[in-house]
Amino acid sequence: MSSSHKFIRTNMGLLCIFLQAVANLPAEPAAAVHSESYFSLLMKGGLILLAIFIISDKWYMLRKLGKHDSRAFGYLLKLIYAGDSDKAGQFAASRTFPSFKVVAAGLKNDNRTLQDVEESMQIQARLQISKMEKGMNYLAITASVAPMLGFLGTIFGVIRIFYDISKSGVLDISTISNGLYEKMICSGTGLLVGIIAYSGYSLLNNRIDKIVLQMDVVANEALKAIRADRDHAVKP
């Protein structure tokens, strides 16, 4: 059995002991309780909002970068086939899409060899990928650490329960409720943040992979056009 399973069983055992002890106490008149929704309780964790903000901001950016302008790309290939590399490079550099930035890097200094052109495109492609992956490490860390922080909060909740009991010398619902409240909030928030961060990380990685594939396609088509233009230029 793993340590996490032992940890959960130990905490469940402690919870059962507390609940059994409280169940044997004489009942007191119920006071009016202000009800809260599950969402408002989980929002007390704070990290949920941070994870959602990072995912939303990254998704919006990748959605813009992932768009493919077929008409603009067709015009770019037309310029390359026509031998107007300078104009084609300026046009590609003016576009915001990563695939056009890659082509623009290859069209600089058109007198270079095809191998140099391809290397320039590869360097620019790595740079664009690095920009798209910026901030992804925070999501990966959050997905891994959030559940563990939730379990750590659970430990602190149990510590507070025993502390309150030692201070008051009385075991009743008012003594253990604060500690149980913190325990459950930390556990629920940690797990939810981990689920959100992991799901967002997977979705964003999938989006980046699609953009990278699009860059490869555009770069290959541009290289074919450059090669065809040079072959045409050397023919008598």
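Since we're looking at a predicted model, the values are computed, not measured.

Novice: Where do I start with the overall build of the protein chain in this structure?
Specialist: Counting secondary structure elements, the protein chain contains nine helices and zero strands. Beginning at the N terminus, the succession of helices and strands in the protein chain can be written as α-α-α-α-α-α-α-α-α. Per-residue burial over the protein chain gives 33% buried out of 236 residues. Considering only contacts in the protein chain between residues 6 or more positions apart, those separated by 24 or more positions represent 77%. For the protein chain, the computed accessible surface area is about 14900 Å², with 62% contributed by carbon and sulfur atoms.

Novice: Would you mind showing me how to read the packing of aromatic side chains here?
Specialist: Describing an aromatic ring pair means giving the distance of the ring centres and the angle of the ring planes. All chains considered together, the criterion is met by four aromatic pairs. Considering the side-chain rings of Phe 73 and Phe 100, the 6.4 Å spacing of their centres and the 85° angle between planes classify their relative orientation as edge-to-face. With Phe 73 in helix H4 (residues 70–81) and Phe 100 in helix H6 (residues 98–107), this residue pair connects regions lying 27 residues apart in the sequence. Note on accessibility: Phe 73 and Phe 100 belong to one class, buried.

Novice: What exactly am I supposed to notice about the nonpolar core here?
Specialist: General note: in soluble globular proteins, nonpolar side chains tend to be found buried as a group. Grouped together as the largest cluster of nonpolar side chains are 36 residues, with contacts concentrated most on Leu 76, Ile 80, Phe 100, Val 103, Leu 107, Met 121 and Met 132. For this core, the secondary structure elements donating two or more residues are helix H3 (47–65), H4, helix H5 (85–94), H6, helix H7 (114–132), helix H8 (136–168) and helix H9 (173–234). The contacts of Met 132, once residues within four sequence positions are left out, are Lys 58, Met 61, Leu 62, Leu 65, Pro 98, Ile 208, Ile 211, Val 212 and Met 215.

Novice: How should I be thinking about H4 in this particular structure?
Specialist: What sets the pattern is the α-helix's 3.6 residues per turn: residues three or four places apart point alike. For H4, spanning twelve residues, the distance from its first C-alpha to its last is 16 Å, which sits close to the expected 16 Å at 1.5 Å a residue. Those residues of H4 that sit buried are Ala 72, Phe 73, Leu 76, Leu 77, Leu 79 and Ile 80. Each buried residue of H4 lies within a common arc of 160° when the element is viewed along its axis, so the set occupies one face. Of the residues in H4, the exposed ones pointing more than 90 degrees away from the buried face are Ser 70, Arg 71 and Lys 78. Phi for Gly 83, located one or two positions after H4, is positive at around 85°.

Novice: What am I meant to see in the pattern of salt bridges here?
Specialist: Two side chains that carry opposite charge are able to pair once their charged atoms sit near each other. Taken as a whole, this structure holds three salt bridges when the rule is applied. Its salt-bridge partner being Asp 69, residue Arg 95 comes within 2.9 Å of it at the nearest N-O pair. Here Arg 95 is found in the loop between H5 and H6, whereas its partner Asp 69 is found in the loop between H3 and H4, with 26 residues between them in sequence. Asp 69 gets classed as partly exposed once you look at its relative accessible area, which sits at 24%. A salt bridge links Lys 224 to Glu 221; the shortest N-O distance between them is 4.0 Å. With Lys 224 and Glu 221 both in helix H9 and three residues apart, this pair spans about one turn of that helix. Using a relative accessible area of 46% as the deciding quantity, one classes Lys 224 as partly exposed. Of the residues examined, Glu 221 reaches a relative accessible area of 29% and is grouped as partly exposed.

Scoring rules and cut-offs
Residues numbered from 1 in each chain as written. Predicted model: local features only at pLDDT ≥ 70, side-chain atom pairs only at ≥ 80, totals over all residues. Heavy atoms only, no water. Helix = DSSP H or I, 4+ residues; strand = E, 2+ residues; numbered from the N terminus. Buried < 20%, exposed > 50% of the residue type's maximum accessible area, 1.4 Å probe, protein only. Contact = heavy atoms within 4.5 Å. Areas by Shrake-Rupley, 256 points an atom, 1.4 Å probe, with all protein chains shown as cover. Phe/Tyr/Trp six-rings, centres within 6.5 Å; stacked < 30°, edge-to-face > 60°. Core = buried A, V, L, I, M, F, W, Y, C linked by side-chain atoms within 4.5 Å. Expected span 1.5 Å × (residues − 1). Arc of directions from axis to C-beta. Salt bridge = Lys/Arg side-chain N within 4 Å of Asp/Glu carboxyl O.

Any functional reading would require information beyond the geometric quantities listed.
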